[in-house]
Protein chains: 2
Amino acid sequence: MTTGVRRRMGVEERRQQLIDVALELFSHRSPDEVSIDEIAAAAGISRPLVYHYFPGKLSLYEAALQLASQDLAGRFTEPREGPLGARLLRVTRRFFAFVDDHGPGFSALMRGGPAVGSSTTNALVDGVRQVAFEQMLQHMALEGPVSPRLELLLRSWISHAESTALLWLSGRAIPREELEVQLVHDFAALAAVAATSDPLLADLLRRVLAEEPQDSPFVELIGRLAALAA
Amino acid sequence: MTTGVRRRMGVEERRQQLIDVALELFSHRSPDEVSIDEIAAAAGISRPLVYHYFPGKLSLYEAALQLASQDLAGRFTEPREGPLGARLLRVTRRFFAFVDDHGPGFSALMRGGPAVGSSTTNALVDGVRQVAFEQMLQHMALEGPVSPRLELLLRSWISHAESTALLWLSGRAIPREELEVQLVHDFAALAAVAATSDPLLADLLRRVLAEEPQDSPFVELIGRLAALAA
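Quantities reported herein were computed from a predicted structural model and do not represent experimental measurements.

1. Remarks on the overall build of chain A
- Counting its secondary structure elements, chain A contains eleven helices and zero strands.
- Along chain A, from the amino end to the carboxyl end, the secondary structure elements read α-α-α-α-α-α-α-α-α-α-α.
- Expressed as lengths along the three principal axes of its C-alpha atoms, the size of chain A is roughly 65 × 40 × 30 Å.
- A buried classification covers 52% of the 230 residues belonging to chain A.
- Taking the intrachain contacts of chain A between residues at least 6 apart in sequence as the baseline, contacts between residues at least 24 apart amount to 68%.
- Total accessible area on chain A is roughly 11,000 Å²; 57% of this is exposed by carbon and sulfur atoms.
- Taking the 23 positively charged and 29 negatively charged side chains of chain A as two groups, their mean positions are separated by 4 Å.

Here you go:
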């Protein structure tokens, strides 16, 4: 937003303002389509002054992405209390709210393109995936080393959440709330498939299900599948 | 491979040789790590002569990727005969054989990096995904428009196959044959979840299952899940 009254800001304050302005613009249009001129105008400063704080668009983009990554990674933090299905659904909802807020920026980042694919942006995205993976592991409350099949299950479901969100953004033809629940159901379904090849995962699944209440999304899925089979 | 005897090649023949040599090198090491010098040495020609055929490494990389994309897209072609589960398993096996053959090149491409992320490489990758999607649709033998939930199911499973292959490549801790079957099982599981929200998908699923033989991977999964639940 352009402010009518210009006032002097400190260096950090100005940098933060430019990052906020950039993130706001990237949430409506792809970063490739947003010029430094527009960012300068929205911040109410001159184009050369933007370059005083960021040497180029890529460095501003990376700073904005760093802030957005911290925001997203923070949303994966969920207390280890209560049923697992409900915890996973809460995290999935916060993830989808983030995707909804940052639509075009998220799409551009995940689809790759001229402004992305730098080693910095790749490292930031991988960092968020790693936080998601470690949080999932913690909620599994497992002891001992992580089996390759459990790691594949968790990491591939995290990828699946990304691609589902990305596909949803191109058209939003399915209600967001439905997909949030579906992602949790997908996790349960993929876990069940993986468990058929891994006795440790099968034990884990039985242990989790035994503790789920009747209103659990996992229990709901079993009911829905039974209705489908009938 | 360096040939002891150098002979004159036509322009197209030489380009093709360089592409073949590059693909072979990229199947063992990431394209970022392969130099034009190495490609020249492996082709038995001088470095300046490589630049005579390709203006730079990116253009050779893109030509190699184009050939690899055609190869992969061709593997999705499967006659519309016999049970659907067996067809899907055959295609999945050919996909995994491709991934196995082109390991480092496939990883580098899908993970992004300095050599990739150009609009040409993105378009090639999206083109292969689109072929996979259209082939899947054809096998579903559906009439009328494609519902958003069916499209999401097919496209997100194609993404899931990519990420599963990518995760498998980093360590190969799980036998390839097991993951080929698991991917087909994952498809059935994700389809069942999606069908609980979509009556048309539920009809399709029932129709498919009614025609599957006892040795179908879909029927095998149902048996395995029943054993898991018992």
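2. Description of helix H8 (residues 148-169) of chain A
Residues and elements named next belong to chain A.
- Taking 1.5 Å as the rise per residue, H8 with 22 residues should run 32 Å; its terminal C-alpha atoms sit 31 Å apart, in good agreement.
- Of all the 22 residues making up H8, 16 are buried; the element is thus mostly covered by neighbouring parts of the structure.
- Looking at the residues trailing H8, positive phi occurs at glycine 171, about 125°.

3. Observations concerning the nonpolar core
- Ranked by internal contacts, the top residues of the largest apolar core, which has 151 residues, are Leu18, Phe95 and Phe187 of chain A together with Leu18, Phe95 and Phe187 of chain B.
- Not counting the four nearest positions on each side in its chain, phenylalanine 187 of chain B is found in contact with Leu88, Met136, Met140, Leu153, Leu154, Trp157 and Phe218 of chain B.

4. Examining the UniProt feature "domain: HTH tetR-type" (unreviewed entry) in chain A
- Under the UniProt annotation, "domain: HTH tetR-type" (unreviewed entry) lies at residues 12-72 of chain A.
- Structurally, residues 12-72 of chain A is divided into 75% helix and 0% strand, and its ends, taken at the C-alpha atoms, are 22 Å apart.

5. Concerning the UniProt feature "DNA-binding region" (unreviewed entry) in chain A
- According to UniProt, the "DNA-binding region" (unreviewed entry) feature falls on residues 35-54 of chain A.
- Measuring from the first to the last C-alpha atom of residues 35-54 of chain A gives 13 Å, for a span that is 75% helix and 0% strand.

6. Examining the relation of the copies chain A and chain B
- Note on the copies: chain A fits chain B at an RMSD of 0.0 Å, the axial shift is 0.0 Å, and the rotation between them is 180°. Read as a symmetry element, the transformation amounts to a two-fold axis.
- A shared interface surface links the copies, since 98% of the contact residues of chain A are contact residues in chain B too.

7. Some details on the pattern of salt bridges
- Under the definition given, this model contains 32 salt bridges over all chains.
- When salt bridges that share partners are traced, they join Arg93, Asp100, Arg172, Arg176 and Glu180 of chain A into one network.

8. A few points about the side chain of glutamate 162 of chain A
All names here are of chain A.
- With respect to the helices and strands, glutamate 162 occurs in helix H8.
- Under the relative-accessibility criterion, glutamate 162 is labelled buried at 13%.
- Beyond its immediate chain neighbours, meaning those up to four positions away, glutamate 162 contacts Phe95, Phe106, Met110 and Arg129.

9. Structural notes on the environment of valine 184 of chain B
All names here are of chain B.
- Secondary-structure assignment places valine 184 in helix H9 (residues 176-195).
- With ten residues separating them along the chain, valine 184 and isoleucine 174 place their C-alpha atoms 16 Å apart.
- Among all residues touching valine 184, those that are not within four sequence positions of it are Gly85, Leu88, Leu89, Thr92, Pro217 and Phe218.

10. Section: the interface of chain A and chain B
- Opposite the 40 residues of chain A that make contact, chain B presents 39 residues.
- For the chain A face of the interface with chain B, the top three residues by lost area are Leu152, Val193 and Leu228 of chain A, together amounting to 20%.
- Here arginine 149 of chain B ties to glutamate 178 of chain A by a salt bridge, and the two come within 2.6 Å at their closest N and O atoms.
- Seen at the junction of chain A and chain B, the total is eight residue pairs in polar contact (both at pLDDT 80 or more).

11. Here we look at unusual backbone geometry
- We note that arginine 172 of chain A has phi near 45°; this positive angle belongs to a residue other than glycine.
- Residue placement: arginine 172 of chain A occurs in the loop between H8 and helix H9 (176-195).
- At alanine 141 of chain B, a residue that is not glycine, the phi angle is positive and equals roughly 50°.
- Examined against the element boundaries, alanine 141 of chain B turns out to sit in the loop between helix H7 (119-140) and helix H8 (148-169).

12. Focus: the domain arrangement of chain A
Residues and elements named next belong to chain A.
- Once the domains are mapped, chain A shows domain 1 (11-61) and domain 2 (76-229).
- On a C-alpha basis, the centroid separation for the pair domain 1 and domain 2 is 33 Å.
- Listed as interface residues are ten residues of domain 1 and, on the opposing side, eleven residues of domain 2.
- Approximately 750 Å² of surface area, both sides summed, lies buried where domain 1 meets domain 2, with 64% of it carried by carbon and sulfur atoms.
- Ranking the residues of domain 1 by area buried against domain 2 places Ser27, Asp32 and Tyr61 at the top, with a combined share of 55%.
- At the boundary of domain 1 and domain 2, one finds zero salt bridges.
- Counting every contact that joins domain 1 to domain 2 gives one residue pair in polar contact (both at pLDDT 80 or more).
- Contributing elements (two or more residues each) for the side of domain 1 that touches domain 2: helix H1 (11-26) and helix H4 (57-75).

13. Topic: the packing of helix H5 (residues 84-101) of chain A against H9 of chain A
Residues and elements named next belong to chain A.
- Running from N to C, H5 and H9 point in directions that differ by 135°, and their axes come no closer than 9 Å. As far as their axial angle goes, H9 and H5 are oblique. Crossing geometry of H5 relative to H9 is assigned as right-handed. Contact residues: Gly85, Leu88, Leu89, Thr92, Arg93, Phe96, Ala97 and Asp100 in H5; Arg176, Leu179, Glu180, Val181, Leu183, Val184 and Phe187 in H9.
- Residue composition of the contact of H5 with H9, by class: nine nonpolar, two polar and four charged.

14. As for the confidence of the model for chain A
- Confidence in the prediction of chain A, expressed as mean pLDDT, is 92, and 94% of residues score 70 or more.
- With pTM at 0.92, the complex prediction returns an ipTM value of 0.92.

15. With respect to the packing of aromatic side chains
Residues and elements named next belong to chain A.
- Scanning the model with the defined rule gives ten aromatic pairs over all chains in all.
- Where tryptophan 157 meets phenylalanine 187, the ring centres are 5.3 Å apart and the plane angle is 70°; that geometry is what we call edge-to-face. In this pair, tryptophan 157 sits in helix H8 while phenylalanine 187 sits in helix H9, placing the two residues 30 residues apart along the sequence.
- Here tryptophan 157 falls in the buried class, since its relative accessible area comes to 6%.

Reading the values: the criteria
- Residues numbered from 1 in each chain as written.
- Chains lettered and ligands numbered in written order.
- Predicted model: local features only at pLDDT ≥ 70, side-chain atom pairs only at ≥ 80, totals over all residues.
- Heavy atoms only, no water.
- Helix = DSSP H or I, 4+ residues; strand = E, 2+ residues; numbered from the N terminus.
- Buried < 20%, exposed > 50% of the residue type's maximum accessible area, 1.4 Å probe, protein only.
- Contact = heavy atoms within 4.5 Å.
- Areas by Shrake-Rupley, 256 points an atom, 1.4 Å probe, with all protein chains shown as cover.
- Lys, Arg positive; Asp, Glu negative; His and termini not counted.
- Charge placed at Lys NZ, Arg CZ, Asp CG, Glu CD.
- Expected span 1.5 Å × (residues − 1).
- Core = buried A, V, L, I, M, F, W, Y, C linked by side-chain atoms within 4.5 Å.
- UniProt positions renumbered as here; feature names shortened; annotations may be inferred.
- Least-squares fit on C-alpha atoms with pLDDT ≥ 70 in both.
- Salt bridge = Lys/Arg side-chain N within 4 Å of Asp/Glu carboxyl O.
- Buried area = accessible area lost by both parts, 1.4 Å probe.
- Polar contact = N/O pair within 3.5 Å; in protein donor to acceptor, adjacent residues only side chain to side chain.
- Domains from an automatic or database assignment.
- Axes fitted to C-alpha atoms, helices over the stretch in contact; angles between N-to-C directions.
- Parallel < 35°, antiparallel > 145°, perpendicular 65-115°, else oblique.
- Left-handed = near helix turned anticlockwise from the far one by under 90°.
- Nonpolar A, V, L, I, M, F, W, Y, C, P; charged D, E, K, R; others polar.
- pLDDT = per-residue confidence, 0-100.
- Phe/Tyr/Trp six-rings, centres within 6.5 Å; stacked < 30°, edge-to-face > 60°.

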